[in-house]
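Understanding the architecture of this molecule
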Amino acid sequence: MDLVKEIKRLKKEKNAVILAHYYQVAEIQDIADYVGDSLGLSQKAAETDADVIVFAGVHFMAETAKILNPTKTVVLPDLNAGCSLADSCPPDSFEKFTKQHPDHIVITYVNCSAEIKALSDIVCTSSNALKIVESVPKDTPIIFAPDKNLGKYVIKETGRDMLLWDGSCIVHEAFSMDKLIELHKKYPDYKIIAHPESEGHILNTATYVGSTSGMINYVKEHQEEKFIVATEAGILHKMQQEMPNTELIPAPAVEDNTCACSECHFMKMNTMQKLYDCLLNESPQIEVPEPIRKKALLPIERMLELSK
C-alpha cells in the first residue's frame, strides 16, 4: 500500500488537516499540512476549518487542539506519545503548590497537561515566554511551570524574580557539555544554537537561544554560517530542506545512541502507518472533560491574544 497516497486520499475524504511538530520523523513532516513549533501549531489549531485534526506530535499538543476545538475530532497517531516535561508536573502536587502562593500569577509552558493549564492564568511557549512574562505587571509575583530551565532563561533575560516548578525535558537535559566542547574543538567555526529548555551551561555556549521556529529563522538569516544545533534532532530535516547548503550538526547527547544526538522517544512513536490508521479509524481520539476544557481555554486564549 502506498501510505502517502492513501493518507492524502483519506485527508480529502474526511476534510482532515495534519499538524506536525518539527520533532516528527521526516516522512510525517513531509505529508503534513503544517509543520511548526508549539505556538504555531496552537495558532493553526485555533483557526482550522477542518472536521478532523490529526495531530502528529505528543499528547499535550493534541489536547491543546481539542481544548480549542471541542466540536472537532482530534486524533493522535499513538496515544502513548507523552512528554517527560508534562509528566514532571502532576496536577495534585501543582495545585497544592499554587495554593501555597495565592498572590502569584501562574504562567505555564504549553508542555503540560490540560489539568495544569486549567490551574493557570496564562500559557506560554518558548517562542513567546519572554513577551508573556513581560506582560505581567512588575510588582506581581509569578509562578512559572513546569520547565525550570526555560524559567531560569526567562529570569536571566527579563530580570524578573519567578518561583519555578522543578520540571525538565529529558531530551534537552541529555546534551553533554563535555562532548559539546569536544565537538566544538573539532569544528571551531561552527556556531552553537540552542533551545531554552536546555540547561544553563549549554545556553551559555550558544550564539543564539530560541524556540524551534526561532532557531530555523536564525539559520535562514545566517545561511552562510555553520551550526551545531542543540535541540531534538528532528528539527534538522526542516532546516536542511529550507537551507540545503548550510552545514548543520546535531549537538551530542550523553548517551551513546545510533544518531549520537538527542531524540525524543515520544515524538518518534508516531509513524506513517499509525498516521494512516488513526485517520482511517478516527481513533485514538483525544477527549478533555468539559469543566477542565473551559478552564484551560482561558489561559490559552490569553496567550494567543498576546501573541498577535
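Residues numbered from 1 in each chain as written. Predicted model: local features only at pLDDT ≥ 70, side-chain atom pairs only at ≥ 80, totals over all residues. Heavy atoms only, no water.

Put simply, the test is: UniProt positions are given in the numbering used here, feature names are shortened, and annotations may be inferred rather than shown by experiment.
With an unreviewed UniProt entry as reference, the protein chain is termed Quinolinate synthase, source organism Flavivirga rizhaonensis. As recorded by UniProt, the Subcellular location (unreviewed entry) comment attached to the protein chain reads in full: "Cytoplasm". UniProt lists a comment for the protein chain under the heading Catalytic activity (unreviewed entry), and it reads "iminosuccinate + dihydroxyacetone phosphate = quinolinate + phosphate + 2 H2O + H(+)".

Overview of the UniProt feature "binding site: [4Fe-4S] cluster" (unreviewed entry) in the protein chain
Stated precisely, the cut-off is as follows: Going along the chain from the N terminus, every DSSP run of H or I of four or more residues is numbered as a helix, and every run of E of two or more is numbered as a strand. Buried means the residue's accessible area, taken with a 1.4 Å probe over protein chains only, is under 20% of the maximum for its type, while exposed means over 50%, and partly exposed covers the values in between. A contact between two residues is defined here by any heavy atoms of the two lying within 4.5 Å.
Residues annotated by UniProt as "binding site: [4Fe-4S] cluster" (unreviewed entry) correspond here to C83, C169 and C264. Across 182 residues, the annotated set stays spatially compact, with a maximum C-alpha separation of 9.4 Å. For C83, the position within the fold is in the loop between β4 (73-75) and α5 (84-87). Given the relative accessible area of 12%, C83 is considered buried. C83 has contacts with V58, F60, N111 and F266, leaving out every residue within four places of it along the chain. The residue C264 is located in the loop between β12 (248-250) and α14 (272-281) in this model. In this structure, C264 is in contact with V171 and E232, ignoring residues within four places of it in sequence.

A short note on the packing of aromatic side chains
Our working definition: Paired rings are identified among Phe, Tyr and Trp, the last through its six-membered ring, by centres lying within 6.5 Å, and are further divided according to the angle between planes into stacked (under 30 degrees), edge-to-face (over 60) and tilted (the rest).
Enumeration over the complete set of coordinates arrives at six aromatic pairs. Taking 5.3 Å as the distance between ring centres and 70 degrees as the angle between the ring planes, the aromatic pair formed by F97 and W165 counts as edge-to-face. On the criterion of sequence distance, the pair formed by F97 in helix α6 (residues 91-99) and W165 in the loop between β8 (162-164) and α10 (177-186) is long-range, its members being 68 residues apart. On the basis of relative accessibility, which here comes to 15%, the residue F97 falls in the buried class. Residue class for W165 comes out buried when judged on its relative accessible area of 14%.

What about the pattern of salt bridges?
A side chain with one charge can pair with a side chain of the opposite charge if their charged atoms come near. Convention followed: Take a side-chain nitrogen of Lys or Arg and a carboxyl oxygen of Asp or Glu: if they are within 4 Å of each other, that pair is a salt bridge.
One pass over the structure, following the stated rule, counts 15 salt bridges. Across the salt bridge formed by E242 and K220, the nearest N and O atoms sit 2.6 Å from each other. Note that E242 is positioned in helix α13 (residues 235-242) and K220 in helix α12 (residues 212-221), a separation of 22 residues in sequence. A residue is classified by how much of its surface remains accessible, and E242, at 35% relative accessible area, is partly exposed. Here the salt bridges do not stand alone but share partners, grouping E6, R9 and E13 into one network.

Re the UniProt feature "binding site: iminosuccinate" (unreviewed entry) in the protein chain
Mapped onto this structure's residue numbering, the UniProt feature "binding site: iminosuccinate" (unreviewed entry) falls at H21, S38, Y109, V110, N111, S126, H195, P196, E197 and T212. If you trace the backbone, V110 turns up in the loop between β5 (105-109) and α7 (114-118). Beyond its immediate chain neighbours, meaning those up to four positions away, V110 contacts S38, F60, T64, K117, V123, C124 and T125. Along the chain, the position of P196 falls in the loop between β9 (190-194) and α11 (200-203).

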